[in-house]
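# Fold and contact review
Read off the chains here:
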Amino acid sequence: MNAVSAHATTDASPRPEPVRVELLPAGKTFPVAPGQSLLDAGLAAGLALPYQCRTGDCGTCRATVLGGEVERQPAAWALDETALANGHCLLCRTQARTAVRIECAEVDGLPGLPLRRLPVRLASIERPAADVAVLHLQPPAGQTLDYRAGQYIDVVLRDGRRRSYSLATAPGKSDQLELHIHHRPGGAFTGQVFGGLKVRDMLRIEGPFGRFHLREETQAPMILLATGTGFAPIKAIIEQARRAGLRRSVTLYWGGRQREDLYGDAMVRQWARELPWLRYEPVLSRPQAGWGGRTGHVQQAVLADYPDLSAHEVYACGSPAMVASAGSVLQAKAGLRPTNFHADAFAEAAA
Ligand SMILES: Cc1cc2nc3c(=O)[nH]c(=O)nc-3n(C[C@H](O)[C@H](O)[C@H](O)COP(=O)(O)OP(=O)(O)OC[C@H]3O[C@@H](n4cnc5c(N)ncnc54)[C@H](O)[C@@H]3O)c2cc1C
Ligand code: FES
């Protein structure tokens, strides 16, 4: 076995060429480019590596370096001295200095779809609410992005920082990609979207990413939970269910503070009239006077309606607080199976 040498510094002279990574126990190899993380390189090669945040915050992509030299970048999920001595690393925060061998089991579920980096033109920008923008992005002619309903892409900013956004339409519905973006004043990307971004401007995107996607192989009734723009991937999932002719019962709980936060409310009410399998429950946490609907938080509304979720699948997307609470509350109090809880938390990117 080669000696493992790991470095936490970033002052090495850049390596000019891609090098080879050998992944065990699968015995697969893939190239990693200079400056690219082992995770992004593996995903680009179509490998089903484990990951969630891609920013060093969750520890999901932990792996062992068996040989070669790597460079570890600082991460919020810090590895202790023993883990480092044993060659552990986070694939999303590790680059290769030489050819390397790593050990990491691939995960079941979503087979890798080809990862693509595309220049896209902003075809339209709408404002269904004061702090929400719906963007339609046009890829170059003849170039499409293969993805599953529920997955997300990264917008790559000029300085290389990335921001993740869920795709809001079922794949193949249009050649354009739809994003729903909530304004974060002072935010690096959403500041641009709500500032100077104009129709015909170019953006760079990369994707698809994520394991949050509609499972079509089961007949379990579905509960969909969204807060704010967490509605985007949920919309894609409903569109996909409709297109695939699924007849499983689906209940959507969409939460916001006030009515304006449910920026697609009229459209969802229309779907609920058209689709016998879809029920819609808007839930407001700080409703204006006159609101006659549900109040409180979406996960509490689900619990009140479904005390037994042992045969259900739950999909949750939006604020990290809602996703964390829904996962623990619905499993602890309603018997939801951990394997039937699928979620994407809209965590902010690490600095
Ligand atoms: C898998 C995934 C999918 C996602 N999908 C979506 C989606 O579909 N829609 C969506 O709206 N979001 C989504 N997000 C969140 C999104 O990726 C961004 O985190 C979010 O849009 C903020 O990006 P930003 O660059 O505008 O803000 P950032 O620059 O990341 O700033 C984040 C926060 O910090 C504050 N801040 C920034 N700079 C300063 C400063 N100098 N001083 C003080 N405060 C500051 C900002 O005000 C803001 O509140 C998703 C996240 C993940 C992980
Ligand atoms: S994917 Fe979360 S730490 Fe790497």
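The rules behind the values
Residues numbered from 1 in each chain as written. Chains lettered and ligands numbered in written order. Predicted model: local features only at pLDDT ≥ 70, side-chain atom pairs only at ≥ 80, totals over all residues. Heavy atoms only, no water. Near = heavy atom within 4 Å. Polar contact = N/O pair within 3.5 Å; in protein donor to acceptor, adjacent residues only side chain to side chain. Areas by Shrake-Rupley, 256 points an atom, 1.4 Å probe, with all protein chains shown as cover. Helix = DSSP H or I, 4+ residues; strand = E, 2+ residues; numbered from the N terminus. Domains from an automatic or database assignment. Contact = heavy atoms within 4.5 Å. Buried area = accessible area lost by both parts, 1.4 Å probe. Salt bridge = Lys/Arg side-chain N within 4 Å of Asp/Glu carboxyl O. Pairing = 2+ DSSP bridges. Axes fitted to C-alpha atoms, helices over the stretch in contact; angles between N-to-C directions. UniProt positions renumbered as here; feature names shortened; annotations may be inferred.

Attention now goes to the site of ligand 1. Taken together, 21 residues lie near ligand 1, and Arg-163, Ser-164, Tyr-165, Pro-185 and Thr-190 sit nearest. One nitrogen or oxygen atom from the main chain of Ser-166 is found 3.1 Å from an oxygen atom belonging to ligand 1. Within the side chain of Arg-184, a nitrogen or oxygen atom sits 2.8 Å from an oxygen atom of ligand 1. With the chains in place, 72% of the 970 Å² that ligand 1 exposes on its own is no longer accessible. Every element with two or more residues in the shell around ligand 1 is listed here: strand E11 (162-166), strand E12 (177-182) and strand E19 (341-345). A per-element tally of the shell around ligand 1 places E11 first, with 4 residues.

To continue, consider the domain arrangement of the protein. Looking at the protein, the domain boundaries give domain 1 (4-103), domain 2 (116-209) and domain 3 (222-345). Each of domain 2 and domain 3 has a C-alpha centre, and the two are 23 Å apart. The partner domain 3 presents 13 residues to the 18 residues of domain 2 that form the contact. Across the domain 2/domain 3 interface, buried area totals approximately 1,300 Å², and carbon plus sulfur atoms make up 57% of it. By the criterion of area lost to domain 3, the three top residues of domain 2 are Ala-149, Ala-170 and His-180, representing 32% of everything that side buries. The interface formed by domain 2 and domain 3 contains 1 salt bridge. Linking domain 2 with domain 3 are 5 residue pairs in polar contact (both at pLDDT 80 or more). Going through the elements one at a time, strand E8 (116-129) and E12 are the ones with two or more residues in the side of domain 2 that touches domain 3. If you tally residues by element for the side of domain 2 that touches domain 3, the top one is E12, at 4 residues.

Before going further, it helps to spend a moment on the sheet that holds strand E13 (residues 202-209). Across the sheet, 6 strands lie side by side as E11-E10-E13-E8-E9-E12; this open sheet has antiparallel pairing. The open sheet has two edge strands with one neighbour each: E11 and E12. On average, each strand axis in the sheet is inclined to that of its neighbour by 40°, with strand direction left out of account. When E8 meets E13, the two strands line up antiparallel, connected through 6 bridges. Among the inter-strand pairings, Pro-119 is bridged to a residue of E13, identified as Arg-204. Here helix H4 (residues 231-243) sits on the sheet in contact with E11 and E12, set at roughly 150° to E12.

It is worth spelling out the UniProt feature "domain: FAD-binding FR-type" (unreviewed entry) in the protein at this point. UniProt feature "domain: FAD-binding FR-type" (unreviewed entry): in the numbering of this structure it lies at residues 115-215. Strand forms 45% of residues 115-215 and helix 4%; the C-alpha atoms that close the span are 21 Å apart.

On the secondary structure map, His-342 appears in strand E19. Residues in contact with His-342, not counting those within four places in the same chain, are Phe-212, Arg-215, Glu-313, Val-314, Tyr-315 and Ala-316.

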